[in-house]
Amino acid sequence: MKGFTVRPDEALEAGAGNGHAGEVPARRSAASWALRLAALAVLAAAGAWAYYANVSSTKPAMDMNMRVSAGASAFPVATAPVARGAISGTVVYTGSVVPFNEEDIYPRVTGRIVEMPVYPGDAVRAGQMVARLDDVELTSRVREAEAMAATAQANRAQMEADVLAAQHGIAQMQREVAMVDAELAYASGVRGRSERLVASGAISRQEYENDHAMALALEAKREAAQAKLEQARAMEASARRKLEAADSMVAQGRAAARTAQIVRDYVTITTPSGGYVVKRLVAPGVLVQPGMPILKVAQVDRVRLQANVGEKDLAAIRVGSPVTVTTTAGQSIAARVTSVFPFVDQGPRTAVVEAVLDNRERRLLPGQYVAMQLVTGERADALTVPRGAVARLGGAAKVWVVSDGRAEPREVTTGLEGPERVEVARGLTGDERVVARGHEGLYAGARVSETPTAGDAGARIPAARPAPDATRPTPKEDGHAGH
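First things first, this report covers the structure right here in the doc.

What counts as what
Note that residues are indexed from 1 along each chain, following the sequence as it is written. Confidence filtering applies because this is a predicted model: local features only for residues at pLDDT of at least 70, side-chain atom pairs given and counted only at 80 or more, and all residues used for totals across whole chains, interfaces and linings. Excluding hydrogens and water, the side-chain figures rest on all heavy atoms present in the structure. Helix numbering and strand numbering both begin at the N terminus, where a helix is a DSSP run of H or I of at least 4 residues and a strand a DSSP run of E of at least 2. Any residue under 20% of the maximum accessible area for its type is buried, any over 50% is exposed, and the rest in between are partly exposed; the area is computed with a 1.4 Å probe on protein chains only. We call two residues in contact whenever any of their non-hydrogen atoms come within 4.5 Å of each other. Only the protein chains shown count as cover for residues, with accessible areas throughout obtained via the Shrake-Rupley method and a probe of 1.4 Å. Here the rule is simple: two strands pair whenever DSSP picks up at least two bridges between them. What counts as a ring pair is set by centres within 6.5 Å for rings of Phe, Tyr and Trp (its six-membered ring), and what kind of pair is set by the plane angle: stacked under 30 degrees, edge-to-face over 60, tilted for all other angles.

1. Here we look at the overall build of the protein chain
Part 1 of the argument: Within the protein chain one finds five helices and 20 strands.
Part 2 of the argument: Taking all 483 residues of the protein chain together, the buried fraction comes to 30%.
Part 3 of the argument: Across the protein chain, contacts joining residues at least 24 apart in sequence account for 75% of those joining residues at least 6 apart.
Part 4 of the argument: Accessible surface computed for the protein chain: about 30,300 Å², of which carbon and sulfur atoms make up 54%.

2. Considerations on the sheet that holds strand E3 (residues 111–115)
Part 1 of the argument: Within the open sheet, the four strands sit side by side as E6-E5-E3-E8. Their pairing is antiparallel. Whereas interior strands pair on both sides, the edge strands pair on one side only; in this sheet they are strand E6 (268–270) and strand E8 (287–288).
Part 2 of the argument: Where strand E5 (residues 129–133) meets E6, three bridges bridge the pair, whose relative direction is antiparallel. Paired with Met129 across the strands is Thr270, a residue of E6.

3. So, the packing of aromatic side chains
Part 1 of the argument: Following the criterion strictly, the structure yields two aromatic pairs and no others.
Part 2 of the argument: Their ring planes at 75° and their centres at 5.9 Å tell us that Phe75 and Tyr443 sit as a pair that is edge-to-face. Of this pair, Phe75 sits in strand E1 (residues 75–81) while Tyr443 sits in the loop between strand E19 (433–437) and strand E20 (446–452); the two residues are 368 residues apart in sequence, bridging distant segments of the chain.
Part 3 of the argument: Looking at Phe75, the relative accessible area reads 1%, which means it is buried.

4. Quick look at the pairing of strand E18 (residues 421–426)
Part 1 of the argument: The sheet contact formed by strand E14 (residues 369–386) and E18 spans three bridges and is antiparallel. Bridging across to E18, Val385 finds its partner in Val422.
Part 2 of the argument: In this structure, strand E17 (residues 406–417) lies alongside E18, joined through three bridges in antiparallel fashion. When the bridges of E18 are listed, Glu417 appears paired with Val422.
Part 3 of the argument: A loop of three residues connects E17 with E18, the two strands running antiparallel in sequence.

See the structure below:
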């Protein structure tokens, strides 16, 4: 026979079927009370363990009898007296070093670069050759212009010969006219004598007519000679005009030859001023055009220090105002403002303030950043406090005045501001002591512990910590702080 398993409920039902129906409720009630007692035992064990862990262990629980501070602790602060004396107002802006003059070198003719003997960093002098172009084409043009000038010179020589010939013709015509005049004078005398003789019957009429005809022929000959003379003079005037035109052509040819020579000389590119080569913009072998930059040269023996100054500070800066320049290496250089640009950039609302410095020792390099401390004003007698004593919030300024060991805030109106001290135009009388450092956590009436800074305004002091709040409990020392 196979084995089988009987479930409790089935056993109960079987028992009920056997006549034990009265025993089932009693058994169920006893099991329920046993479970409840087991749960209470577990809860009791958990409570005992919690008591042991929180009360009987060595770790202290939170002490509800904590001590309450009444604000007896004082703020450690550094104080300084309000001083009266001279002050210079300054503002500091970041500036940059700019070459005194920077220019690009351009070719003036088209050509291929065949030589460029300078490199970035090389020093160049005024008029030094820095590049050379191919000159084959331009040399040919020079020769062509010289040939045209020579032709013009030859034409002029021919015109000059024509003028000389015309002058010789004039002289010949003048001699011929003079000869005809002499013959005409003789013939006129013979004619007059013949006229008198024919009237007296001494000679025949035929002889008179011959003498008269001879005189008339000589008069006509003289007129012809005079006309030739005028023609020779006209030819001489024309030759002279042609000679003048030839002179103009000669001058034009010479000018064209000179221009071609100058243009050919443009293949040698030189620097108009001395300086240092900053950058090569093209390489040898490149075909360049007029106006195409090939080199950048900068003058750094003198440099410009330029800072973009906010418009609120511009009114207080003048040409000649002192400037203290500090380099990134910590070197300090004294200078003066040489220029304030007369316009404001509409974007950042700043204008350029410039100082020119001698830089033959190469202390400054173009592109370098510097700090420029500009003097905005000076006052010989002013109330001043350390710069760290002035606290600003929302445009208002205040200082903390110490009296009877307590600090009180006082609103002030500031004036000139220097690197170490600030002028107080209104709000102090001059007899107070103010908190120079450590006022960050102060409140009105707070007790302070003073550390004077009369001889050392920049001395370090412990950071101020506010007095314990009376409303907050101070816990006892933790015995396991090291853990």
